[in-house]
Amino acid sequence: METDTPIPEQDQFSLIPKHIFILSGQSNMAGRGGVSKHNHHWDGVVPPDCQPHPSIIRLSAKLNWELAREPLHGDIDTRKVCGVGPGMSFANTVREKLGNQCVGMVPCAVGGTAIKEWARGQHLYETMVKRSKESMKSQGEIKALLWYQGESDTLSAHDAEAYKGNMERLIHNVREDLGLPSLPVIQVAIASGDERYIEKVREAQLGIDLPNVVCVDAKGLVLKEDHLHLTTEAQVKLGHMLADAFLTHLSSPSNA
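To start, this report covers the structure provided alongside it. Remember, it's a predicted structure, so these values are computed and weren't measured experimentally. (Residues numbered from 1 in each chain as written. Predicted model: local features only at pLDDT ≥ 70, side-chain atom pairs only at ≥ 80, totals over all residues. Heavy atoms only, no water.)

**What to know about unusual backbone geometry**
Phase 1 of the analysis: That bond from Glu70 to Pro71 is cis: its omega, -10°, falls within 30 degrees of zero.
Phase 2 of the analysis: Relative to the helices and strands, Pro71 resides in the loop between strand E3 (65-67) and helix H2 (87-97).
Phase 3 of the analysis: Not every positive phi belongs to a glycine, and Leu63 is a case in point at roughly 70°.
Phase 4 of the analysis: Structurally, Leu63 is set in the loop between strand E2 (56-59) and E3. (Helix = DSSP H or I, 4+ residues; strand = E, 2+ residues; numbered from the N terminus.)

**A short note on the packing of aromatic side chains**
Phase 1 of the analysis: Enumeration according to the criterion identifies three aromatic pairs in this entry.
Phase 2 of the analysis: Both rings, one in Phe21 and one in Phe246, keep their centres 5.1 Å apart while their planes meet at 90°; by these two values the pair is edge-to-face. Here Phe246 lies in helix H6 (residues 232-250) and Phe21 lies in strand E1 (residues 19-25), a separation of 225 residues in the sequence.
Phase 3 of the analysis: For Phe246, a relative accessible area of 1% translates into the label buried.
Phase 4 of the analysis: Considering the side-chain rings of Trp118 and Trp147, the 5.4 Å spacing of their centres and the 85° angle between planes classify their relative orientation as edge-to-face. One end of the pair, Trp118, is in the loop between strand E4 (103-107) and helix H3 (123-136); the other, Trp147, is in strand E5 (residues 141-148), and 29 residues separate them in sequence. Of the two residues, Trp118 and Trp147, both sit in the buried class. (Phe/Tyr/Trp six-rings, centres within 6.5 Å; stacked < 30°, edge-to-face > 60°. Buried < 20%, exposed > 50% of the residue type's maximum accessible area, 1.4 Å probe, protein only.)

**Considerations on the sheet that holds strand E6 (residues 185-189)**
Phase 1 of the analysis: Overall, mixed pairing links the seven strands, which are arranged E3-E2-E4-E1-E5-E6-E7 in an open sheet. Strand pairing shows two members of the sheet lacking a second neighbour, E3 and strand E7 (213-217), which therefore form its edges. Sheet twist, expressed as the mean angle between neighbouring strand axes with direction ignored, is 25°.
Phase 2 of the analysis: Along the sheet, helix H5 (residues 198-207) contacts E6 and E7; its crossing angle with E6, the most-contacted strand, is approximately 155°.
Phase 3 of the analysis: Along the sheet, H6 makes contact with E1, E5, E6 and E7, crossing E7 at roughly 150°. (Pairing = 2+ DSSP bridges. Axes fitted to C-alpha atoms, helices over the stretch in contact; angles between N-to-C directions. Contact = heavy atoms within 4.5 Å.)

Right, here's the structure in full:
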């Protein structure tokens, strides 16, 4: 059942994130766990690892910090119904390892988007950069960009072949535009997509060799009956995988 963990009104403006994470990409980052294919309704089930916590907050679509809860992308990916994604299980895992300091999540993912729609100058990219810059006004530090996207680029040979270059360019542009030249990036190698070109996109994702960029592989995680989106349970597991990647490869004592 969905739980409600309210924060007293007087505390709303005292929440200052120390560790900030940007979540971006398409529908599997936005989260479709628990969303019915038939009536497009989220079942409201929030697993224990995804429960709200007073020290986990999110930047809303209106650029206000508020308590983070599922669906994390509810007011961001508004064209479709959002459910459970990897963000909350990631945040809860990382929070425990970072001494329960305040974690700020900045959801930016939008379903059905190809990587060319995330090019510099495009609306999605510029919105992500704007939200990221807004989050830094809190004096917190952006610790990583979590990126799960690519299913829409499996639809044509051209898009699949261009993926590696486009992704490397996106990483360069985000780092440059945020003034964070070594911003850690954790990308997810896709688990679904058009079978003709999915391996080409996965090869690109797994083959990116840039400093402070790691890849976790979603292949093998359980998909819903639509054969495209991760189940709630798979999203929880992915959140743990992303957290492990961050804590193992990209976190340092100075970050804690």
